[in-house]
Amino acid sequence: QVQLVESGGGLVQAGGSLSLSCAASGSTFSFNQMGWARQGPGKERELAAIMTSDGTQVYADSVKGRLALFRDSANNTVYLRMDSLKPKDTGVYYCKAIIRGTLHWGQGTQVTVSS
């Protein structure tokens, strides 16, 4: 059974940086897509950044230039580097992955950006 194991997150001041990681365990297959969605307080979950198996990256307009994805293909792990964080980036960040056509979600990790 595939599990997405997230780490990182926490509290940071505006302008600071954080990194998140997501490792897909329980699968010997590489991902089709892997990345992060986020849900701010009182908001709907939205895509933040996603990477496809061929390396194509897609970012929400609100995070372009500030968030960057990196991958460790050998370990089915994707990292999200977040710079120049803003209070509006506050929320729960969920790792998502499509592996062999099946969508998987992580449990979520809290990111709080103080002003």
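For the structure, see preceding data.
Now for a look at the structure at hand. Model, not experiment: these values are computed from the prediction.

1. Regarding the overall build of the protein
Argument step 1. Helix and strand counts for the protein stand at zero helices and eleven strands.
Argument step 2. Along the protein, helices (α) and strands (β) appear in the sequence β-β-β-β-β-β-β-β-β-β-β when read from the amino end.
Argument step 3. A compact globule built from 115 residues would reach a C-alpha radius of gyration of about 13 Å, and the protein, at 13 Å, matches this within 12%.
Argument step 4. Among the 115 residues that make up the protein, the fraction classed as buried is 43%.

2. Examining the packing of aromatic side chains
Argument step 1. In the structure shown here, the tally under the stated rule is one aromatic pair.
Argument step 2. With centroids separated by 6.4 Å and ring planes inclined at 90°, the aromatic side chains of Tyr94 and Trp105 adopt a geometry described as edge-to-face. With Tyr94 in strand β9 (residues 91-99) and Trp105 in strand β10 (residues 102-105), this pair connects stretches of sequence that are eleven residues apart.
Argument step 3. Given the relative accessible area of 37%, Trp105 is considered partly exposed.
Argument step 4. Lying across the ring of Tyr94, Arg45 places its NZ or CZ 3.6 Å from the centre.
Argument step 5. The ring of Trp105 carries Arg45 above its face, with NZ or CZ at 4.6 Å from the centroid.

3. Re the nonpolar core
Argument step 1. The biggest cluster of nonpolar side chains holds 28 residues, and the ones touching the most others in it are Leu4, Met34, Trp36, Leu69, Leu80 and Met82.
Argument step 2. Among the elements of the structure, β3 (18-25), β4 (33-39), β5 (46-52), β7 (67-72), β8 (77-82), β9 and β11 (109-114) are those that each provide at least two residues to this core.
Argument step 3. In contact with Met34, not counting residues within four places along its chain, are Leu4, Cys22, Ala23, Ala24, Ile50, Met51, Asn76, Val78, Cys95, Lys96 and Ala97.

4. Things to note about the pairing of β9
Argument step 1. Burial analysis of β9 places seven of its nine residues in the buried class, which makes it a mostly covered element.
Argument step 2. Of the pairings in the sheet, the one linking β4 to β9 comprises seven bridges and is antiparallel in character. Paired with Met34 across the bridge in β9 is Ala97.
Argument step 3. Bridging between β9 and β11 involves three bridges; their strand directions are antiparallel. Note on β11: the bridge partner recorded for Tyr93 is Thr109.

5. Here's the deal with the side chain of Lys96
Argument step 1. You can see Lys96 is positioned in strand β9.
Argument step 2. No salt bridge is formed by the buried Lys96, whose closest oppositely charged neighbour, Glu6, lies at an N-O distance of 12 Å.
Argument step 3. Setting aside residues no more than four positions away along its own chain, Lys96 makes contact with Leu4, Gln33, Met34, Gly35, Trp36, Leu47, Ile50, Leu103, His104 and Trp105.

The rules behind these values
- Positions within a chain are numbered from 1, following the residues in the order the chain's sequence is written.
- Given that the model is predicted, a residue must reach a pLDDT of at least 70 before its local features are reported, and side-chain atom pairs must reach 80 or more before they are shown or counted; all residues, however, enter totals for whole chains, interfaces and linings.
- Side-chain metrics rest on all non-hydrogen atoms present in the structure, leaving aside hydrogens and water.
- We count a stretch as a helix when DSSP gives it H or I for four or more residues in a row; a strand needs E for two or more, and each element gets its number in order from the N terminus.
- In this setup the radius of gyration rests on C-alpha atoms only. A globule is expected at 2.2 Å times the number of residues raised to 0.38.
- A simple rule labels every residue: compare its accessible area, found with a 1.4 Å probe on the protein chains alone, to the largest value its type can have, and call it buried under 20%, exposed over 50%, or partly exposed in between.
- Between 30 and 60 degrees the pair is tilted, below 30 it is stacked and above 60 it is edge-to-face, where a pair is any two Phe, Tyr or Trp rings, Trp via its six-membered ring, whose centres lie within 6.5 Å.
- By the criterion adopted, a ring carries a charge over it if an Arg CZ or a Lys NZ lies within 6 Å of its centre and within 35 degrees of its normal.
- Throughout, nonpolar core names a set of buried Ala, Val, Leu, Ile, Met, Phe, Trp, Tyr and Cys residues whose side chains join them through atoms within 4.5 Å.
- In this description, contact between two residues means that some pair of their heavy atoms is separated by no more than 4.5 Å.
- The criterion for strand pairing is that DSSP finds at least two bridges linking the strands in question.
- When charges are tallied, Lys and Arg are placed among the positive residues and Asp and Glu among the negative ones, while His and the ends of the chain are skipped.
- Should a side-chain nitrogen of Lys or Arg be within 4 Å of a carboxyl oxygen of Asp or Glu, the pair is scored as a salt bridge.

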